[in-house]
Structure formats: structure tokens, C-alpha cells
2 protein chains.
Amino acid sequence: MSKGILFIISGPSGSGKDSILAGVFKKEHNVALSISSVTRPMRPGEKEGDKYHFISREAFESMISHDELLEYNCFVGHYYGTPKQPVLDALEAGRDIFLEIDVNGAAMIRKAMPQAVSLFVVPPTYEELCRRLKGRGTDEPAVIAKRLEAAKGEISRAGEYDYLVTNDKLDQAVEDVLHIMAAERLKAAKQQDLINEVLGKC
Amino acid sequence: MSKGILFIISGPSGSGKDSILAGVFKKEHNVALSISSVTRPMRPGEKEGDKYHFISREAFESMISHDELLEYNCFVGHYYGTPKQPVLDALEAGRDIFLEIDVNGAAMIRKAMPQAVSLFVVPPTYEELCRRLKGRGTDEPAVIAKRLEAAKGEISRAGEYDYLVTNDKLDQAVEDVLHIMAAERLKAAKQQDLINEVLGKC
């Protein structure tokens, strides 16, 4: 059986990564979302093990010292990271994994696992990005400006990724991700077993 | 407008390359098959410009000396080659091109145009390969043995290709090629214009 593929997905706030992944998971069943470990408190509506594992700072620092994380960072006093073993186990079992992560985390993953396939999601135009970041019109202009600045920084690194998915129409963006997943499974480098199988009997 | 993509497709005799391409061309219209130039005589049922341009040896050798071929070879006294300009023109116009070619020609194209995307078509099993090569049972065992040997040589170089497409069910193989075409268009390296466009207005 061939191994699973690790997909990294990034994109600025408002690019629609979550909606795209929800659409992908509806159509592809042999794929899972990596669950991050975090030290921040649980927020109302969140559930342990749903999108995050909520662990103590001590437990997190123990994972760091035992090299049990694929990547991690510290943000306003809390740790966020990707536990290594569940990802490796899933890949070994032939299951694809999606990691939703920012551009810095993606760079760390690429270094640790060069075979990872990375996708960057962009809104179709600058105007649309502004519209989405402004959200429901309840945010201060300074907050919006900060979000735009962060988005600009992320998009400027989109060229580090393997694929660029434009989220104009959600259905098309989901289809695009499914095309990428299918094509990546067809990579010759991932199918050397098949070549050997056909050749071995020649 | 983004440029077209040059796709190379190879595979042993009996792998079903022609049937796959026919299926692809039915669904994708912004793609063309490269027409080879050959010096062999036209066979009954063939038409000038359909799959080949039939030209004189002098004309072919003039193309060689003027570097007007992407690749060429000589087979039982006749030249076969891929004219360069029509391929470059189509790519420039944003049209994808498929080149159906053997493993040696593919290696030459890859060297001349490293951006080419290469696909290798394999039958699902060795038994199926034998069945297809034996054809309608009218060929001499020696001829079949020669075909099997040639197929083995080609398949042993499948690892040089970007993608491996298994032609078990034709419809699935066509879908696989369409996935690859779609994914290749989503490569970030081919969409730097889009990144600049979104960023330029930030």
C-alpha cells in the first residue's frame, strides 16, 4: 500500500481555507485534518480534540524537548504546535493529512518533511480581499489595516508553495484541491512499487 | 494570459496512449496534439497533417541544420521529429500541447524544455500487458517476445517521468490525465502574475 501524502494549506485570513477543507472532506474520505496542540484556554464552543488538543505548558514544553513536534510557535504567550507522531502514523497507514498552518509554520514543515505538498489559498482580487477582511463592518479601521498588512505579508510568500488555489467560487476551489490531491497520488515517485510490480514479472 | 503547458506522454505499445488522448481531447478543448514531421512514405488511410507531416529527407535535414526540431530520431532509414515552432507558438498562445513520444524522445524534450510535464502510461499488470501485446493472436511468438522486451525497456524508465497513469479502466485513466492537467495549471510557479496582481494593489 502506498503511503499517505502530507498537504499543507495556508492563506490569509478571509481566504476561505476552512470552507474549502470542509468541502474537500465531504468528497474525500481517506484524509484527515491534523489536530494542533495548544496551551491557550479553551474558548466557548470549542471541544477538546475537535480542532485542538488543549494541553498544559509543561506538557507542551516536554514535547518540545523530546522533539515530538513537527513545528511550533509561541503567540501572545501561548504555544501552538503540530504533534509529529499522529501525522507519521496516518501517512504510514496510507491516509492523507491536511495541515492548516501559517507561512512560517509551513516553512518549518517543508524543512522537516520535504515531501509535503503545499497549497496557498488566495482571494481572486485585492478588492475582494479587502471586502472579506472588513467583515461585517464592525471592526475599527486600525484593525482592518493590520489584517490587510498581515495578508500582504502572507501573500508575498505564496511563491514558496507548490500550488496556488484561487478562492473565487468555493465549489471550484474545492474541485481544484481535489485535482491536486489526485494528481499528487499519480506522481511517478510515489508509485515506484507499481513499476517494480509490473517489471518484476517481466 | 498564462502560457500553455507542454505535456509529454509515453508508454509501451498496448498501453492505450491514443485512446486516453482521444478521451482527453473530447473533454478539454484548449489543448492540441503536436504533429510530427516524418520522411517515411504515407501509408494507406493516412492523411497529410492529420498525425504527421510527410516531408522530404532534404527538408528534414534542413530543419535539423537550422535547429528547428525539438527532438528527432532515425528509425529504419526514416527520420521522425517534432517541429519546434508550432509547439512554441501554441504555448505562447496559452494552448496546452501533448507530445506522444518514446522514452528517448521524451528525455531529449525534457533537456530542451525542462518545464515540460511528463506522463507515462502503464497497463495495470504484467499479465494484461502480455494480453494486449499478443493482440489478436495472429503474431509470431518471436514478434510478441520482441514487443515484450521493448515494453520492459520502456517501463524500466517510467521513473524518469513526473506522473504515472495506470490504464486499467480507460475512463479512469482519462480522468487521471485531466486531474494532472488541472493541477499543473495550479502550480504556484505558473501563477506568479496572479500573486503580483493581488499584491500590486496592496
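Model, not experiment: these values are computed from the prediction.

Q: Give me the lowdown on the overall build of chain A, citing residues and values where you can.
A: If you tally the helices and strands in chain A, you get eight helices and nine strands. In summary, chain A has a C-alpha radius of gyration of 19 Å against a globular reference of 17 Å for 202 residues, a match within 12%. Once the C-alpha set of chain A is aligned to its principal axes, its extents read approximately 70 × 45 × 30 Å. As displayed, chain A offers around 10,300 Å² of accessible surface, 53% of which is attributable to carbon and sulfur atoms. Seen as two clouds, the 26 positive and the 30 negative side-chain charges of chain A have centres 3 Å apart.

Q: Lay out the interface of chain A and chain B with the relevant residues and their values.
A: It is common to give the size of an interface as the accessible area lost on bringing the parts into contact. Counting residues at the interface gives 32 residues for chain A, matched by 32 residues for chain B. Approximately 3,000 Å² of surface area, both sides summed, lies buried where chain A meets chain B, with 74% of it carried by carbon and sulfur atoms. On the chain A side of the interface with chain B, the three residues burying the most area are Tyr126(A), Leu164(A) and Leu186(A), jointly 20% of the side's total. Seen at the junction of chain A and chain B, the total is seven residue pairs in polar contact (both at pLDDT 80 or more).

Q: Tell me about the sheet that holds strand β5 (residues 69–75) of chain B, residues and numbers included.
A: All names here are of chain B. A sheet is described by the order of its strands in space; here four strands give the open sequence β4-β3-β6-β5, paired in mixed fashion. Single-partner strands in this sheet number two, and they are β4 (52–54) and β5. Across the sheet, the mean angle from the axis of one strand to that of its neighbour is 25 degrees, orientation sign disregarded. As paired strands, strand β3 (residues 36–38) and strand β6 (residues 78–83) are joined by two bridges and run antiparallel to one another. Each bridged residue has a counterpart across the sheet, and for Val 38 the counterpart in β6 is Tyr 80.

Q: Just give me the short version of the sheet that holds strand β9 (residues 163–166) of chain A, but keep the residues and values in it.
A: Residues and elements named next belong to chain A. Sheet architecture is open: five strands sit in the order β2-β7-β1-β8-β9, paired in parallel fashion. The open sheet has two edge strands, β2 (31–33) and β9, and neither has a second partner. Averaged over all adjacent pairs, the angle separating strand axes in this sheet is 25 degrees, with direction ignored. As paired elements, strand β1 (residues 6–10) and strand β7 (residues 96–100) share four bridges and run parallel to each other. Within the sheet, the bridge partner assigned to Leu 6 lies in β7 and is Ile 97. Contacts between helix α4 (residues 103–112) and the sheet are confined to β1, β7 and β8 (117–122), with β1 contributing the most and set at about 160 degrees to the helix.

Q: Tell me about the relation of the copies chain A and chain B, and please be specific about residues and values.
A: Two chain copies, one operation linking them: a rotation about an axis together with a shift along it. The transform that puts chain A on chain B rotates by 180 degrees and translates by 0.0 Å along the axis, for an RMSD of 0.0 Å. Taken together, the rotation angle and the small translation identify this as a two-fold axis. Of every C-alpha in chain A, the one belonging to His179(A) sits nearest the axis of rotation, 2.4 Å from it. Both copies contact each other with a shared surface, as 100% of the interface residues of chain A are interface residues in chain B too.

Q: Lay out helix α7 (residues 170–185) of chain B with the relevant residues and their values.
A: Here α7(B) spans 23 Å end to end across 16 residues, near enough to the 22 Å set by a 1.5 Å rise per residue. Every buried residue of α7(B) is accounted for by Ala173(B), Val174(B), Asp176(B), Val177(B), Leu178(B), His179(B), Ile180(B), Met181(B), Ala182(B), Ala183(B) and Glu184(B).

Rules behind the numbers
Residues numbered from 1 in each chain as written. Chains lettered and ligands numbered in written order. Predicted model: local features only at pLDDT ≥ 70, side-chain atom pairs only at ≥ 80, totals over all residues. Heavy atoms only, no water. Helix = DSSP H or I, 4+ residues; strand = E, 2+ residues; numbered from the N terminus. Rg over C-alpha atoms; globule rule 2.2 N^0.38 Å. Areas by Shrake-Rupley, 256 points an atom, 1.4 Å probe, with all protein chains shown as cover. Lys, Arg positive; Asp, Glu negative; His and termini not counted. Charge placed at Lys NZ, Arg CZ, Asp CG, Glu CD. Contact = heavy atoms within 4.5 Å. Buried area = accessible area lost by both parts, 1.4 Å probe. Polar contact = N/O pair within 3.5 Å; in protein donor to acceptor, adjacent residues only side chain to side chain. Pairing = 2+ DSSP bridges. Axes fitted to C-alpha atoms, helices over the stretch in contact; angles between N-to-C directions. Least-squares fit on C-alpha atoms with pLDDT ≥ 70 in both. Expected span 1.5 Å × (residues − 1). Buried < 20%, exposed > 50% of the residue type's maximum accessible area, 1.4 Å probe, protein only.

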